[in-house]
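Structural overview
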Amino acid sequence: MEKLNILLLCHRPVARNAQTIDDHIWSFRTFSRHHVVVVSFFGDLPSEIDIDRFDAVVLHYTVAAARDENLTPAARERIARFRGLKVQFIQDEYRFVNATLETTRRLGIDVLFTCVPEGEIEKVYSSAALPGTRKVPVLTGYVPEQLARLAVHQPRAVQDLRRLPHPVADLPLRVPAQREAEGHVLEHRHVRIERVVL
């Protein structure tokens, strides 16, 4: 089979983000039999990137395509005009549901990898809303190769299991926190760190 040229569009995490994001991004280059070019950006797709030189464009879940600050309207238009295979990975699908659905439709996504359970996909991403889009259920997260190789330990003896705390029953009772409306939650703000000596 001929090697394809694949453009993976992402926003690589900064040091404070989970390593699983970076692991997932680099897994495409590590495990694909095709030639994968990773382009990390935020906002406008760099003008020097000629997406028409690629056979496929993959939007990683770190690019919230419906948000102008993540993917500008001009970048969305460039992707929409692209004639090759268009693939999108989505996580945190509870955010911007209608805007994400509309953006996915306008981009002309061919394959959508979703965390929505298989039996519920049609309710969120209906065939009427996304005609011709193949939806593939996936799990969140990523297990890097070094963790996958770890030996699995033998389970404890049954009598040892009886002494372990029950995961639910042994939790202290507490009042659930009040949820804030999305508009009241601060995003991406710096918080001053204070040292407290006891």
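What this report covers is the structure whose coordinates are included nearby. (Residues numbered from 1 in each chain as written. Predicted model: local features only at pLDDT ≥ 70, side-chain atom pairs only at ≥ 80, totals over all residues. Heavy atoms only, no water.)

1. Here's the deal with the sheet that holds strand β6 (residues 134-137)
In spatial order, the strands read β2-β1-β3-β4-β5-β6; together these six strands make up an open sheet with parallel pairing. Of all strands in the sheet, those with a lone pairing partner are β2 (35-40) and β6, marking the two edges. Strand-to-strand, the axes of this sheet are offset by a mean angle of 20 degrees, without reference to chain direction. Across four bridges, strand β3 (residues 56-59) lies against strand β4 (residues 85-89) in parallel orientation. Each bridged residue has a counterpart across the sheet, and for valine 57 the counterpart in β4 is lysine 86. (Pairing = 2+ DSSP bridges. Helix = DSSP H or I, 4+ residues; strand = E, 2+ residues; numbered from the N terminus. Axes fitted to C-alpha atoms, helices over the stretch in contact; angles between N-to-C directions.)

2. Comments concerning the nonpolar core
Among the nonpolar cores identified, the biggest contains 26 residues, and Leu7, Leu9, Ile51, Leu59, Leu71 and Tyr125 are the most heavily contacted of them. Sorting the residues of this core by element identifies β1 (5-10), β3, α2 (73-81) and α3 (97-107) as the ones contributing at least two each. Counting residues in each nonpolar core, the second largest holds 16 residues, with Ala56, Val58, Val87 and Phe113 among its members. (Core = buried A, V, L, I, M, F, W, Y, C linked by side-chain atoms within 4.5 Å. Buried < 20%, exposed > 50% of the residue type's maximum accessible area, 1.4 Å probe, protein only.)

3. Focus: the packing of aromatic side chains
The full count for this structure, using the stated rule, is two aromatic pairs. Plain terms: the ring middles of phenylalanine 28 and phenylalanine 89 are 5.5 Å apart, the flat faces sit at 80 degrees to each other, and that makes the pair edge-to-face. With a gap of 61 residues between them, phenylalanine 28 in helix α1 (residues 19-31) and phenylalanine 89 in strand β4 connect regions that are remote in the sequence. The residues phenylalanine 28 and phenylalanine 89 share a single accessibility class, namely buried. Both rings, one in phenylalanine 89 and one in phenylalanine 113, keep their centres 4.4 Å apart while their planes meet at 5 degrees; by these two values the pair is stacked. Remark: phenylalanine 113 occurs in strand β5 (residues 111-114) and phenylalanine 89 occurs in strand β4; sequence separation between them is 24 residues. Of the residues examined, phenylalanine 89 reaches a relative accessible area of 13% and is grouped as buried. Aromatic rings pair up to connect Phe28, Phe89 and Phe113 into one cluster. (Phe/Tyr/Trp six-rings, centres within 6.5 Å; stacked < 30°, edge-to-face > 60°.)

4. Concerning the side chain of histidine 60
Its location among the elements puts histidine 60 in the loop between β3 and α2. Looking at histidine 60, its side chain comes within polar contact range of the side chain of threonine 62, at 2.9 Å. Residue contacts for histidine 60: discarding those within four places in its chain leaves Leu8, Leu9, Cys10, Ile21, His24, Ile25, Phe28 and Phe89. (Polar contact = N/O pair within 3.5 Å; in protein donor to acceptor, adjacent residues only side chain to side chain. Contact = heavy atoms within 4.5 Å.)

5. As for the pattern of salt bridges
Under the definition given, this model contains seven salt bridges. Note that arginine 67 and glutamate 69 form a salt bridge whose closest N and O atoms lie 3.2 Å from each other. Owing to a relative accessible area of 29%, arginine 67 belongs among the partly exposed residues under this scheme. The partner of glutamate 77 in a salt bridge is arginine 81, with the nearest N and O atoms 3.7 Å apart. In this pair, glutamate 77 and arginine 81 both sit in helix α2, four residues apart, roughly one turn of the helix. Note on glutamate 77: relative accessible area 39%, which makes it partly exposed. With a relative accessible area of 53%, arginine 81 lands in the exposed category. (Salt bridge = Lys/Arg side-chain N within 4 Å of Asp/Glu carboxyl O.)

6. Topic: the pairing of β4
The element β4 is largely enclosed, with a buried count of four among its five residues. Running through α2, the crossover from β3 to the neighbouring parallel element β4 is right-handed. Handedness of the β-α-β unit built from β4, α3 and β5 comes out right-handed. (Right-handed = clockwise from strand over helix to strand, strands pointing away.)

7. Focus: the side chain of glutamate 93
Checked against the element boundaries, glutamate 93 lands in the loop between β4 and α3. Despite its burial, glutamate 93 pairs with no opposite charge; the closest candidate is arginine 95, at 10 Å N-O. Within the local environment of glutamate 93, its side chain forms a polar contact with the side chain of threonine 114, the two groups lying 2.6 Å apart. Not counting residues within four places of it along the chain, the set of residues in contact with glutamate 93 comprises Thr114, Cys115, Val116 and Tyr125. (Lys, Arg positive; Asp, Glu negative; His and termini not counted.)

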